[in-house]
Amino acid sequence: MTYREGYCQGRERLLQAGIDEAELEARLLLEYVCGTNRNDLLAHGDMELEAYQEKEYVRLIGRRVTRIPLQHLTGNQEFMGLSFRVNEHVLIPRQDTETLVEEVMRYLNDGMRILDLCTGSGCILLSLLRYSNSCQGLGSDLSAQALEVARENAGNLSLNAEFVQSDLFEKIEGKFEIIVSNPPYSIKWEGDDNPVLINDPRFSPAGVLAPKSKAGLAFIMHSLAWLATSGTAAIVCFPGIMYRGGAEKKIRQYLIDNNFIDCIIQLPSNLFFGTSIATCIMVLKRSKSDNKTLFIDASNEFVKVTNNNRLTEENIAHIVDEFVSRNGTQHFSHLANYDEIKAQDYNLSVSTYVEQEDTREVIDIVKLNAEIEEIVAREQILRAEIAKIIAEIEGQK
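Thresholds, definitions, all that
- Residues numbered from 1 in each chain as written.
- Predicted model: local features only at pLDDT ≥ 70, side-chain atom pairs only at ≥ 80, totals over all residues.
- Heavy atoms only, no water.
- Buried < 20%, exposed > 50% of the residue type's maximum accessible area, 1.4 Å probe, protein only.
- Helix = DSSP H or I, 4+ residues; strand = E, 2+ residues; numbered from the N terminus.
- Pairing = 2+ DSSP bridges.
- Axes fitted to C-alpha atoms, helices over the stretch in contact; angles between N-to-C directions.
- Contact = heavy atoms within 4.5 Å.
- Phe/Tyr/Trp six-rings, centres within 6.5 Å; stacked < 30°, edge-to-face > 60°.
- Salt bridge = Lys/Arg side-chain N within 4 Å of Asp/Glu carboxyl O.
- Core = buried A, V, L, I, M, F, W, Y, C linked by side-chain atoms within 4.5 Å.
- Parallel < 35°, antiparallel > 145°, perpendicular 65-115°, else oblique.
- Left-handed = near helix turned anticlockwise from the far one by under 90°.
- Nonpolar A, V, L, I, M, F, W, Y, C, P; charged D, E, K, R; others polar.

K.L.:
Just checking my understanding: could you explain the pairing of strand S2 (residues 82-85) for this structure?
P.N.:
Regular strands have side chains that alternate between both faces of the sheet. The two faces of S2 differ: Leu 82 and Phe 84 on one face are buried, but Ser 83 and Arg 85 on the other face are not. The sheet contact formed by strand S1 (residues 76-79) and S2 spans four bridges and is antiparallel. Paired with Glu 78 across the bridge in S2 is Ser 83. The antiparallel pairing of S1 with S2 creates a hairpin that spans two residues between the two strands, and Met 80 there sits at a positive phi of about 55°.

If you want it as structure tokens, here you go:
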């Protein structure tokens with residue numbers, strides 16, 4: 001079997017299985033097996049595959065047909081221009097996380113302490129360490145297998161970072177100037193089943209505990225507890241925590257009343273295969289220079305790629321530039337003061353503050369009415385002509 005024939009067969013199998021970007025993935029798997037690059041398909045398509053290469057390629061195509069992610073088959077994913085090892089024990093680094101890293105880098109100074117909660121492959125922490133000098137990094141995760149992957153990535157990138165096994169809400173030692181996290185969605189926790197938690201200094205300031213089945217804001221409070229006075233935290237959130245009532249509203253009120261929330265960014269939906277979820281990024285600060293909160297609607301910052309949306313470098317740059325400038329741009333961002341947010345009953349949904357652009361066609365009523373009058377006049381003339389013809393016909397009988 002030649003290189004080109006192998007590619008064509010792999011592509012057809014993936015297409016038949018309904019795999020998005022079948023052509024790209026068939027090529028990437030072939031390059032992974034053969035150690036080639038994208039030019040070889042055109043320049044050396046007639047070269048013969050070794051028997052072991054053909055067998056391995058067919059095997060990997062078969063596994064991809066069963067919906068095993070491409071990155072788990074190749075064991076690799078690029079993130080922030082770096083190569084990270086991934087497997088079934090870690091989430092595949094995602095584009096919303098690159099946006100998070102780009103924002104945090106604006107506040108990253110040499111010598112800072114960085115905390116990455118739910119570190120997984122370590123991609124966030126290690127990217128920040130790679131693009132800074134003399135920073136200290138701590139990554140925590142519940143999964144021992146995930147931490148093995150993170151440590152391997154640190155070694156491959158020649159970076160020094162500490163990784164510790166820790167429950168989602170386990171206490172961390174020390175304070176950090178930068179806290180980042182892309183936690184699991186729909187987090188659950190003990191909540192009011194544990195009577196001690198309401199007196200825990202991490203959660204007691206809000207006066208209530210987040211619901212047991214929706215612990216997103218409990219995680220926000222937990223993260224805030226380790227943030228240094230001059231620190232910044234950026235956390236990927238499920239959008240429900242921004243608008244639901246009850247205890248969650250009271251926690252949002254505490255965060256706004258104490259001026260901790262710096263920015264909320266609404267990201268596009270359908271960024272990832274198998275889910276249409278649209279995530280948000282919440283940026284927290286302990287020492288803000290004003291009492292305003294920036295809302296950015298980046299829901300339209302994407303390009304369509306087959307059945308999914310994708311953030312481009314230009315999209316990410318647009319979001320980050322708006323985050324830094326805090327100017328407020330019509331239909332894209334709004335810098336809301338405390339009274340505005342209070343008037344909205346502490347609803348933090350971006351759509352509450354950023355008006356969507358009306359892309360419907362503008363209809364000129366005066367022009368439309370004139371056209372209708374012209375049509376009616378022409379119709380009357382036509383009716384008169386028809387009546388005249390009928391009268392002539394009747395007169396000839």
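K.L.:
Help me understand the sheet that holds strand S10 (residues 293-297), please; the structure alone is not making it clear to me.
P.N.:
Two pairing modes exist for strands in a sheet, parallel and antiparallel, and in both the strands are linked by backbone hydrogen bonds. Pairing within the open sheet is mixed, and its nine strands lie in the order S5-S4-S3-S6-S7-S9-S8-S10-S13. The outermost strands of the open sheet, each flanked by one partner alone, are strand S5 (162-165) and strand S13 (333-336). Direction aside, neighbouring strands of the sheet carry axes that sit 15° apart on average. As paired strands, strand S3 (residues 113-117) and strand S6 (residues 176-181) are joined by four bridges and run parallel to one another. Directly across from Asp 116, in S6, lies its bridge partner Val 180. Contacting S3, S6, strand S7 (227-237) and strand S9 (280-285), helix H9 (residues 216-225) crosses the sheet at an angle of about 155° to S7. Across the sheet, helix H11 (residues 313-325) touches strand S8 (261-266), S9, S10 and S13, and the angle it forms with S10 is around 160°.

K.L.:
What am I meant to see in H9 here?
P.N.:
Because the α-helix completes a turn every 3.6 residues, residues three or four places apart line up on one side. Summarising burial for H9: nine of the ten residues are buried, a large majority. Regarding H9, the residues found buried are Leu 217, Ala 218, Phe 219, Ile 220, Met 221, His 222, Ser 223, Leu 224 and Ala 225. Buried residues belonging to H9 abut S3, S6, S7, helix H10 (247-257) and S9.

K.L.:
Where do I start with the packing of aromatic side chains in this structure?
P.N.:
To describe a pair of aromatic rings, one takes the distance between the centres and the angle between the planes. Summed over all chains, the structure comprises eight aromatic pairs. Ring plane angle 65° and centroid distance 6.4 Å describe the contact between Phe 169 and Phe 203, whose orientation is recorded as edge-to-face. Pair noted here: Phe 169 is in the loop between S5 and S6 and Phe 203 is in the loop between S6 and H9, with a separation of 34 residues, a long-range link. Centre to centre, the rings of Phe 169 and Phe 219 are 6.3 Å apart; their planes meet at 75°, and the pair counts as edge-to-face. Of this pair, Phe 169 sits in the loop between S5 and S6 while Phe 219 sits in helix H9, and the two are 50 residues apart along the sequence. With respect to burial, Phe 169 and Phe 219 carry one shared label: buried. A network of ring pairs unites the aromatic residues Phe 169, Trp 189, Phe 203 and Phe 219 as a single cluster.

K.L.:
I tried to follow the pattern of salt bridges on my own but got confused; where do I start?
P.N.:
Charged atoms that come close allow side chains of opposite charge to pair. Under the defined criterion, the tally for this structure stands at 13 salt bridges. A salt bridge links Asp 200 to Arg 202, with the nearest nitrogen and oxygen atoms 2.8 Å apart. Between Asp 262 and Arg 326 there is a salt bridge, with the nearest N and O atoms lying 3.1 Å from each other. Linking Asp 262 in strand S8 with Arg 326 in the loop between H11 and S13, this pair joins segments that are 64 residues apart in sequence. Its relative accessible area of 3% is what places Asp 262 among the buried residues. Take Arg 326: its relative accessible area is 17%, and that puts it in the buried class. In the salt-bridge network here, residues are joined through shared partners; they are Asp 262, Asp 290 and Arg 326.

K.L.:
Mind showing me how you'd approach the nonpolar core here?
P.N.:
Most often, soluble globular proteins keep nonpolar side chains buried together rather than apart. Judged by nonpolar contacts, the single largest core of 49 residues is most densely connected at Phe 169, Trp 189, Leu 255 and Phe 295. Elements with a contribution of two residues or more to this core: S3, S6, H9, S7, H10, S8, S9 and helix H13 (350-353). It is H9 that contributes the most residues to this core, seven residues altogether. Of all hydrophobic cores here, the second largest spans 42 residues; its members include Ile 124, Leu 126, Leu 129 and Cys 263.

K.L.:
Can you help me understand the packing of helix H1 (residues 3-16) against helix H2 (residues 22-34) in this one?
P.N.:
To characterise two packed helices, one gives the angle between the axes of the helices and the distance between these axes. It is at 8 Å that the axes of H1 and H2 come closest, and there the two elements cross at 135°. Put simply, H1 runs oblique to H2. Where H1 crosses over H2, the handedness of that crossing is right-handed. Two secondary-structure elements touch here, H1 through Tyr 3, Tyr 7, Gly 10, Arg 11, Leu 14 and Leu 15 and H2 through Ala 22, Glu 23, Glu 25, Ala 26, Arg 27, Leu 30, Glu 31 and Cys 34. Per-class residue counts for the contact of H1 with H2 are eight nonpolar, one polar and five charged.

Distances and angles like these do not, on their own, reveal function.
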